[in-house]
Amino acid sequence: MDAAMITALAALLASPVAAAAAIQGSRGATRATREGGVITGYDSLTAKLVAERDKAEKDQATAEQQVERLELEVARLRQLVTQLGGTP
């Protein structure tokens, strides 16, 4: 076997190895991209849920304040009815 034959065989053997390495690298990059997208989506969903929760808590506090105002108004009207001689 001469040097040219050895070089040709080495090139033939190196090609599939290089191709396999490229495929494996591409799979790893694809997986990393997909997982990055999942994490980005998760972060986005979490931010939306936190904002929705904060809005719901604010709406609940507003509703509770309105209930308190209405209860005071009912008490005032009952007292007025009683003062005018009626029964509430």
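As shown above, the structure is provided for reference.
Residues numbered from 1 in each chain as written. Predicted model: local features only at pLDDT ≥ 70, side-chain atom pairs only at ≥ 80, totals over all residues. Heavy atoms only, no water.

Asker: Let's hear about the overall build of the chain: which residues, and what values?
Answerer: Across its full length, the chain holds one helix and zero strands. Relative to the 2.2 N^0.38 estimate, which gives 12 Å for 88 residues, the radius of gyration of the chain is 37 Å and therefore markedly larger than a compact globule would have. In terms of overall dimensions, the chain has a C-alpha envelope of 125 × 15 × 5 Å along the principal axes. Residues classed as buried in the chain amount to 0% of the 88 residues present. Put simply, the chain shows about 7,600 Å² of open surface, and 65% of that area lies on carbon and sulfur atoms. Computed over 10 positive and 11 negative side-chain charges, the inter-centroid distance for the chain is 3 Å. (Helix = DSSP H or I, 4+ residues; strand = E, 2+ residues; numbered from the N terminus. Rg over C-alpha atoms; globule rule 2.2 N^0.38 Å. Buried < 20%, exposed > 50% of the residue type's maximum accessible area, 1.4 Å probe, protein only. Areas by Shrake-Rupley, 256 points an atom, 1.4 Å probe, with all protein chains shown as cover. Lys, Arg positive; Asp, Glu negative; His and termini not counted. Charge placed at Lys NZ, Arg CZ, Asp CG, Glu CD.)

Asker: So, the pattern of salt bridges: which residues are in play, and what are the values?
Answerer: In total, this model carries four salt bridges according to the counting rule given. Salt-bridge contacts for Arg 53 lead to Asp 54; the nearest nitrogen and oxygen are separated by 3.0 Å. Several salt bridges converge on common partners, so that one network encompasses Arg 53, Asp 54 and Glu 57. (Salt bridge = Lys/Arg side-chain N within 4 Å of Asp/Glu carboxyl O.)

Asker: Which residues make up a nonpolar patch on the surface, and what values do they have?
Answerer: There is a patch of nonpolar side chains on the surface, built from Leu 77, Leu 80 and Leu 84 and spanning about 290 Å² of accessible area. Counting through the fold element by element, Leu 77 comes out in helix α1 (residues 3-83). On the basis of relative accessibility, which here comes to 39%, the residue Leu 77 falls in the partly exposed class. (Patch = residues over 30% accessible without salt bridge, like charges linked within 9 Å, V, L, I, M, F, W, Y side chains within 5 Å.)

Asker: Describe in detail the environment of Thr 33, supporting the description with residues and values.
Answerer: If you trace the backbone, Thr 33 turns up in helix α1. The exposure class of Thr 33 is exposed, given its relative accessible area of 60%. On a C-alpha basis, the gap between Thr 33 and Ile 6 in space is 40 Å, while along the polypeptide they are 27 residues apart.

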